[in-house]
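A structural walkthrough
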Amino acid sequence: MNNAAKILIIDDDSTTLNLLETILKDANYEIHKCSNGYEGYEMIKNIHPDLVIADIMMPGINGYELLTKVRSHQDLIL
């Protein structure tokens, strides 16, 4: 059983996504990633990550809007 903390990375820049994934996987975290706020919100609902690293400036739902959506659903917050 994997007890590693789940980290979700949300960024529309693939270089940043891949860099953070590499660094955090090397530190033995379970990494999930996506490239926009809409997809990120769905992943938050499905995987309940321990930590979300989100870009602020993304198309569609930006980082601030994503945070507002998550905060409005207390069941998503551990």
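Computed from a prediction, not measured in an experiment: that's the story for all the values here.

Things to note about the overall build of the chain
Helix and strand content of the chain: three helices and three strands. In the chain, the order of α-helices and β-strands from amino to carboxyl end is β-α-β-α-β-α. In terms of overall dimensions, the chain is globule-like: its C-alpha atoms have a radius of gyration of 12 Å, near the 12 Å expected for 78 residues. Over its C-alpha atoms, taken along the principal directions, the chain stretches across nearly 30 × 30 × 15 Å. Of all 78 residues assigned to the chain, the portion counted as buried reaches 32%. Within the chain, residue pairs in contact and separated by at least 24 positions form 60% of the contacts whose partners lie at least 6 positions apart.

Comments concerning a nonpolar patch on the surface
On the surface, I56, M57 and Y64 cluster together into a nonpolar patch covering about 370 Å² of accessible area. Topologically, M57 is positioned in the loop between β3 (51-54) and α3 (63-71). A relative accessible area of 69% places M57 in the exposed class.

As for the environment of N28
Within the secondary structure, N28 sits in the loop between α1 (14-26) and β2 (30-34). Sequence separation between N28 and G63 is 35 residues, and the spatial gap between their C-alpha atoms is 25 Å.

Description of the nonpolar core
Ranked by size, the top nonpolar core spans 10 residues in total: L8, I10, C34, Y41, M43, I44, M58, I61, L66 and V70. Listed by contribution, the elements that provide at least two residues to this core are β1 (6-10), α2 (37-47) and α3. Sort the elements by how many residues they give to this core and α2 lands first, with three residues. Discounting residues that sit within four places of it in the chain, I10 has contacts with L17, C34, N36, G37, G40, V52, I53, A54, D55, M58 and L66.

Notes on the pairing of β1
Within β1, four of the five residues are buried, which leaves it mostly tucked inside the rest of the structure. With five bridges connecting them, β1 and β2 associate as parallel partners. Bridging from a neighbouring strand, I10 pairs with C34 of β2. Read as a crossover between parallel neighbours, the route from β1 over α1 to β2 is right-handed. Bridge analysis of β1 against β3 gives four bridges, and the strand direction is parallel. Opposite I9, over in β3, you have I53 as the bridge partner.

Some thoughts on the pattern of salt bridges
In the structure shown here, the tally under the stated rule is three salt bridges. If you follow the salt bridges from partner to partner, you end up with E21, K25 and K33 in one network.

Remarks on unusual backbone geometry
The backbone phi angle of N28 is positive, close to 70°, even though this residue is not glycine. Backbone geometry at H48 places phi at a positive 45°, although glycine is not the residue there. With respect to the helices and strands, H48 occurs in the loop between α2 and β3.

What counts and what doesn't
- Residues numbered from 1 in each chain as written.
- Predicted model: local features only at pLDDT ≥ 70, side-chain atom pairs only at ≥ 80, totals over all residues.
- Heavy atoms only, no water.
- Helix = DSSP H or I, 4+ residues; strand = E, 2+ residues; numbered from the N terminus.
- Rg over C-alpha atoms; globule rule 2.2 N^0.38 Å.
- Buried < 20%, exposed > 50% of the residue type's maximum accessible area, 1.4 Å probe, protein only.
- Contact = heavy atoms within 4.5 Å.
- Patch = residues over 30% accessible without salt bridge, like charges linked within 9 Å, V, L, I, M, F, W, Y side chains within 5 Å.
- Areas by Shrake-Rupley, 256 points an atom, 1.4 Å probe, with all protein chains shown as cover.
- Salt bridge = Lys/Arg side-chain N within 4 Å of Asp/Glu carboxyl O.
- Core = buried A, V, L, I, M, F, W, Y, C linked by side-chain atoms within 4.5 Å.
- Pairing = 2+ DSSP bridges.
- Right-handed = clockwise from strand over helix to strand, strands pointing away.

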